[in-house]
Amino acid sequence: MNTWLWLVEGPLFWLSLSVFGLGAAWKVIGLLMLGGPRAQPAPRGSPVGGAIYTILRHFVPRRVFLSGAGLHAIAGYAFHVGLFILLGFAAPHVAFFGERLLGISWPTLPRWGFIVAAEFAFAGLIILWAMRISEPIQKLVSRPADHAATWLTFLVMLSGCLALEEAHVSLRALHMTLVDVWLFWFPFSPLMHTFTFLFSRGFTGAAYGRRGVGL
Amino acid sequence: MNWPKGKLHGGIGLLLLAGVFMILHAMFLPAGMVQAQQLEGPPNTLDQKTGPAGIWRDLRRGKPARETRPFTPPVQAIQIEGEEWRKVRNEWIRPIGGGILLFALGGIILFALFVRRVPIEGGRSGRMIVRFSRYQRALHWFVASTFILLAVSGLILLFGRPVLIPLMGKSAFSALASAAKQGHNLFGPVFIAGLLLLLPAFVRDNRPYWQDIVWLLRGGFLSRREIPAGKFNGGEKLWFWLLTVFGLILSGSGIFLDFPFLATDLVQLQFSHVLHAVAAVVIIAFAVGHAYLGSAGVEGVLEGMTTGCVDENWARQHHPLWLEELEAKGGKTTRGCPHVAASDGKSALPGQEDAKEAAS
């Protein structure tokens, strides 16, 4: 069992982290290298302003879509904010990052804070998945990779919470195994939206900003 | 016996010396040692006539005993209700609950073997009508997902010791039970939040009517001919109200178990646990039936929860009163429904071409 844990926290973790880092960088650089359209008329507005405006504006759902997409937006925020808090401020994560990666430490959440953040994250993710399987349009545009990304993220979170007692090496090893799989697959999956949403929104915003249209 | 005179005098002298020494020893003994001898052990507040076995018996019966610390009132050393709770859990809830769950599973298997799948009479019409809103569907799957997680982890905790330890051993079960406990405690509040949103979203259409009693008395799905029903039939309404009553019991008792500091004493927690286990067994048994009849058991029912829409022929067959009500009120709508081909290959949605041609 200790060998398994050593493997998934040692060599396999470093391998998957390297794949994650290099793969994500490769994709992002690839996107940037694509550039924009070459021949364009003189801009009527600021592309940079349009990009920044659109990136920020899309964090808030538009009023006309609130009745339809309100639950989706709330669930999305619950999941992403909850996951960010869990990842960055859960005591076992801070200890792991401090010891293995960064060599520094920062304040951690109390246990109750961890539980509340986890509950919000789980509730959000389950609602998002429920909508994915029960909304005809979302169902139509969802690829198997989208479902796989949801499930894998769910399993990573679940295994982490199941190991909360920190009394069994096997549970920690299971969590780290899933983390390694998640990191390894990340650059090749829809999970890349973690980085690409900025470019997607920015590109659209810049295009409209150039035409003097606010999105 | 003739003692030599010298030896007799010597013996008396030794006895006197020993006596003097003992008196001196007692006089100059350290004060702490004297105290220790005088205060040896706390006063026995229990029945002194019965001895250690009797004291132990009294403690196990919950008789209060005084602590060795001064000025403390007598306290109950052993919480004897815990033994009663353990017996109820192990000797009543486990076997009876296990039996109920196996009975439900057996019923589903028999239904699947003999009734098989209830088909749509006359096939699909291709006309889809809205049955559930987006909000209702999202809540349904949200509560269903958390319920499955809680049911699996709860069953591991309740039945794991007698069922899983012989299969996987104590060490592996220890890790599994730890994981189940953490998962159960974590998802409990999430389920409660979902349930509290779900019940109001479905209560309007689940108001009981006389026709629901008739539906149940005639045997529901097992009846040879269809029994008229509104939007939900008697079985679905029974499930809804069982979920409401037992779900709220499950939630209330679960809050005490998840946050034990809310309870004033252990008896409350033990009572909560018994309620929690009984309500869980009832809900899980009915949920198994609900899951089967809501998916594989009845043709055309699952799409109501996956797309929000059902085929009109399905509605006419199983819920004719609802369909009549929709038609009378003009509330029958196809908005947002997917295009589904009819059994004869035609789609009857207004303005829609032949489904096969459209697909090609």
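What counts and what doesn't
- Numbers given for residues are sequential positions, taken from 1 along each chain in its written order.
- Chains carry letters and ligands carry numbers; both start at the beginning, A for chains and 1 for ligands, and go up in the order they are written.
- Reporting of local features is limited, given that this is a predicted model, to residues whose pLDDT is at least 70; pairs of side-chain atoms are given and counted only at 80 or more, and all residues count toward the totals for whole chains, interfaces and linings.
- By convention in this description, side-chain values take in all heavy atoms of the structure and omit both hydrogens and water.
- Strands here are runs of E lasting at least two residues and helices are runs of H or I lasting at least four, both read from the DSSP assignment and numbered beginning at the N terminus.
- Here the term buried applies to any residue with accessible area under 20% of the maximum for its type, exposed to any over 50%, and partly exposed to those in between, with areas from a 1.4 Å probe on protein chains only.
- Each accessible area is a Shrake-Rupley result for a 1.4 Å probe, and residues are judged covered by the shown protein chains and nothing else.
- Note on charges: Lys and Arg go in the positive column, Asp and Glu in the negative column, and His and the chain ends are not counted at all.
- Note on charges: their place is set at NZ of Lys, CZ of Arg, CG of Asp or CD of Glu.
- Should any heavy atoms of two residues lie within 4.5 Å, those residues are counted as being in contact.
- In this description, buried area is defined as the sum, over both parts, of the accessible area (probe of 1.4 Å) that is lost when the two are combined.
- The working definition used for a salt bridge is a side-chain nitrogen of Lys or Arg within 4 Å of a carboxyl oxygen of Asp or Glu.
- Without a salt bridge and with relative accessible area above 30%, a residue can belong to a patch; like charges are then joined within 9 Å and nonpolar side chains (Val, Leu, Ile, Met, Phe, Trp, Tyr) within 5 Å.
- When the centres of two rings from Phe, Tyr and Trp lie within 6.5 Å, Trp using its six-membered ring, the rings pair. Their planes under 30 degrees apart give stacked, over 60 give edge-to-face, and anything left gives tilted.
- Sitting over a ring, as applied to charges here, requires NZ of Lys or CZ of Arg to be within 6 Å of the ring centre and within 35 degrees of the ring normal.
- Each axis is a line fitted through C-alpha atoms, and for a helix only the stretch in contact is used; angles between axes span 0 to 180 degrees, taken between their N-to-C directions.
- Here the angle decides the label: under 35 degrees means roughly parallel, over 145 means roughly antiparallel, 65 to 115 means roughly perpendicular, and every other value means oblique.
- Handedness of a helix crossing follows the sense of rotation of the near helix relative to the far helix, less than a right angle counterclockwise being left-handed and clockwise being right-handed.
- When residues are grouped by polarity, Ala, Val, Leu, Ile, Met, Phe, Trp, Tyr, Cys and Pro land in nonpolar, Asp, Glu, Lys and Arg in charged, and all others, Gly among them, in polar.
- As a per-residue measure, pLDDT reflects the predictor's confidence and takes values from 0 up to 100.
- Put simply, a nonpolar core is a bunch of buried Ala, Val, Leu, Ile, Met, Phe, Trp, Tyr and Cys residues held in one set by side-chain atoms that sit within 4.5 Å of each other.
- The directions from the helix axis to the C-beta atoms are what the arc is built from.
- Distance and chemistry together define a polar contact, namely a pair of N or O atoms within 3.5 Å, with one atom able to donate a hydrogen and the other to accept it when in protein, and with adjacent residues in sequence counting only for side-chain atoms on both sides.
- A helix is expected to span 1.5 Å for every residue after the first.

## Quick word on the overall build of chain A
For step 1, the next point in the chain: Secondary structure assignment for chain A yields ten helices and zero strands.
For step 2, the next point in the chain: The dimensions of chain A, computed from C-alpha atoms along their principal axes, are 65 × 40 × 35 Å.
For step 3, the next point in the chain: Taking all 215 residues of chain A together, the buried fraction comes to 40%.
For step 4, the next point in the chain: A total of about 12,600 Å² of accessible surface is found on chain A, and carbon and sulfur atoms cover 73% of it.
For step 5, the next point in the chain: Treating the 15 positive side-chain charges of chain A as one cloud and the 8 negative ones as another, the clouds have centres 23 Å apart.

## Things to note about the overall build of chain B
For step 1, the next point in the chain: Regarding its fold elements, chain B presents 13 helices and four strands.
For step 2, the next point in the chain: Put simply, chain B has 360 residues, and 38% of those count as buried.
For step 3, the next point in the chain: Sequence-distant contacts, at least 24 apart, represent 69% of the contacts inside chain B between residues at least 6 apart.

## Considering the interface of chain A and chain B
The figure often quoted for interface size is the accessible area lost as the parts come together.
For step 1, the next point in the chain: The interface is formed by 27 residues belonging to chain A together with 24 residues belonging to chain B.
For step 2, the next point in the chain: Approximately 2,200 Å² of surface area, both sides summed, lies buried where chain A meets chain B, with 69% of it carried by carbon and sulfur atoms.
For step 3, the next point in the chain: On the chain A side of the interface with chain B, the three residues burying the most area are A:E119, A:I126 and A:S134, jointly 22% of the side's total.
For step 4, the next point in the chain: Linking chain A with chain B are two salt bridges.

## Description of a nonpolar patch on the surface
Residue and element names in this part refer to chain A.
For step 1, the next point in the chain: A cluster of nonpolar residues, V48, I52, L56, F59, V60, Y77 and V81, forms a patch on the protein surface that exposes about 650 Å² of accessible area.
For step 2, the next point in the chain: Every element with two or more residues in the nonpolar patch is listed here: helix 3 (47-57) and helix 4 (66-89).
For step 3, the next point in the chain: Tracing the backbone through its elements, the reader meets F59 in the loop between helix 3 and helix 4.

## Thoughts on the packing of aromatic side chains
Geometry of an aromatic ring pair is reported as the spacing of the ring centres plus the angle between the planes.
For step 1, the next point in the chain: The tally for this structure, following the rule as stated, stands at 20 aromatic pairs over all chains.
For step 2, the next point in the chain: Note on B:F132 and B:F202: the rings are 5.9 Å apart at their centroids and 55 degrees apart in plane angle, and the pair reads as tilted. Separated by 70 residues along the polypeptide, B:F132 in the loop between strand 3 (128-130) and helix 5 (134-163) and B:F202 in helix 6 (residues 165-203) bring together distant segments of the chain.
For step 3, the next point in the chain: Judged by its relative accessible area of 8%, B:F202 is buried.
For step 4, the next point in the chain: An aromatic cluster is built from A:F13, A:W14, A:F96, A:F97 and A:W106, whose rings are joined through pairwise contacts.
For step 5, the next point in the chain: Seen from the ring of A:F59, A:R201 lies directly overhead, with NZ or CZ sitting 4.6 Å from the centre.
For step 6, the next point in the chain: The aromatic ring of B:W322 is capped on one face by B:R131, whose charged end is 5.0 Å from the ring centroid.

## Digging into unusual backbone geometry
Residue and element names in this part refer to chain A.
For step 1, the next point in the chain: Of note in this structure, E166 is not a glycine but carries a positive phi near 55 degrees.
For step 2, the next point in the chain: Looking at the element boundaries, E166 is found in the loop between helix 8 (144-162) and helix 9 (169-185).
For step 3, the next point in the chain: Classification of E166 as exposed rests on a relative accessible area of 59%.

## With respect to the environment of B:F173
Residue and element names in this part refer to chain B.
For step 1, the next point in the chain: Structurally, the position occupied by F173 is in helix 6.
For step 2, the next point in the chain: C-alpha of F173 to C-alpha of L157: the two residues are 16 residues apart in sequence and 9.9 Å apart in space.
For step 3, the next point in the chain: Excluding its chain neighbours within four sequence positions, the residues that come into contact with F173 are I156, G160, R161, L164, I165 and M168.

## So, the pattern of salt bridges
For step 1, the next point in the chain: A full pass over the atoms with the stated rule returns 14 salt bridges over all chains.
For step 2, the next point in the chain: One salt bridge in this structure joins A:E135 and B:R134, with 3.5 Å as the shortest N-O distance. On the criterion of chain membership, the pair formed by A:E135 in the loop between helix 6 (111-134) and helix 7 (136-141) and B:R134 in helix 5 is interchain, its members lying in two chains.
For step 3, the next point in the chain: The class for A:E135 is buried, based on a relative accessible area of 11%.
For step 4, the next point in the chain: Taking the relative accessible area as the measure of exposure, B:R134 reaches 34% and is therefore partly exposed.

## Quick notes on the packing of helix 4 of chain A against helix 6 of chain A
Residues and elements named next belong to chain A.
For step 1, the next point in the chain: Viewed as axis vectors pointing N to C, helix 4 and helix 6 meet at an angle of 140 degrees, and their least axial separation amounts to 7 Å. The orientation of helix 4 with respect to helix 6, classified from their angle, is oblique. Viewed along their axes, helix 4 and helix 6 form a crossing whose handedness is left-handed. Two secondary-structure elements touch here, helix 4 through L71, H72, A75, G76, A78, F79, G82, L83, I85 and L86 and helix 6 through F114, A117, A118, F120, A121, G124, L125, I127, L128 and M131.
For step 2, the next point in the chain: Here the contact of helix 4 with helix 6 is built from residues that sort into 16 nonpolar, four polar and no charged.

## Notes on the confidence of the model for chain B
All names here are of chain B.
For step 1, the next point in the chain: Here chain B shows a mean pLDDT of 82. Residues at 70 or above account for 79%.
For step 2, the next point in the chain: For residues 26-38, every residue scores under 50 in pLDDT, and the model assigns this stretch one contact once sequence neighbours within four places are set aside.
For step 3, the next point in the chain: Throughout residues 348-360 the model reports pLDDT below 50, and contacts reaching past four residues in sequence, or to other chains, amount to 17 contacts.
For step 4, the next point in the chain: Reported confidences for the modelled complex are a pTM of 0.81 and an ipTM of 0.86.

## Quick notes on the nonpolar core
For step 1, the next point in the chain: Within the largest apolar cluster, 64 residues are counted, with the highest numbers of intra-cluster contacts made by A:F122, A:F154, B:F142, B:F147, B:F187, B:L198 and B:F202.
For step 2, the next point in the chain: Looking at this core, the elements that each hand over two or more residues are helix 4, helix 6 and helix 8 of chain A together with helix 4 (81-115), helix 5, helix 6, helix 8 (234-258) and helix 9 (266-293) of chain B.
For step 3, the next point in the chain: Ranked by residue count, the leading element in this core is helix 6 of chain A, at 14 residues.
For step 4, the next point in the chain: Ranked by size, the runner-up nonpolar core spans 20 residues in total, among them A:A24, A:V28, A:F97 and A:L191.

## Things to note about helix 3 of chain A
Side chains that are three or four residues apart share a direction in an α-helix, a result of its 3.6 residues per turn.
Residue and element names in this part refer to chain A.
For step 1, the next point in the chain: Among the residues making up helix 3, those that are buried are G50, A51, T54 and I55. Seen end-on, helix 3 carries its buried residues on one side only, within an arc spanning 130 degrees. Across from the buried face of helix 3, at angles greater than 90 degrees, the exposed residues are V48 and L56.
For step 2, the next point in the chain: Tucked inside the fold, the buried residues of helix 3 contact helix 10 (193-210).
For step 3, the next point in the chain: Here helix 3 starts with a cap whose side-chain oxygen sits 3.4 Å from the backbone nitrogen of V48, and that cap is S46.

## A closer look at helix 10 of chain A
Residues and elements named next belong to chain A.
For step 1, the next point in the chain: With 18 residues, helix 10 extends 24 Å between its outermost C-alpha atoms, agreeing within 8% with the 26 Å of an ideal straight helix rising 1.5 Å per residue.
For step 2, the next point in the chain: Among all positions of helix 10, only R201, G202, G205 and G209 are buried. Around the axis of helix 10, the buried residues are gathered within 100 degrees of arc, so they sit on the same side.
For step 3, the next point in the chain: Buried positions along helix 10 lie against helix 3.

## Some remarks on the side chain of B:T307
For step 1, the next point in the chain: You can see B:T307 is positioned in the loop between helix 10 (302-306) and strand 4 (309-311).
For step 2, the next point in the chain: Polar side-chain contacts of B:T307 include one of 2.7 Å to the backbone oxygen of B:E303.
For step 3, the next point in the chain: Among the polar contacts listed, one links the side chain of B:T307 to the backbone nitrogen of B:C309, at a separation of 3.1 Å.
For step 4, the next point in the chain: Aside from chain neighbours lying at most four places away, what touches B:T307 is A:S134, A:P136, B:R137 and B:P338.

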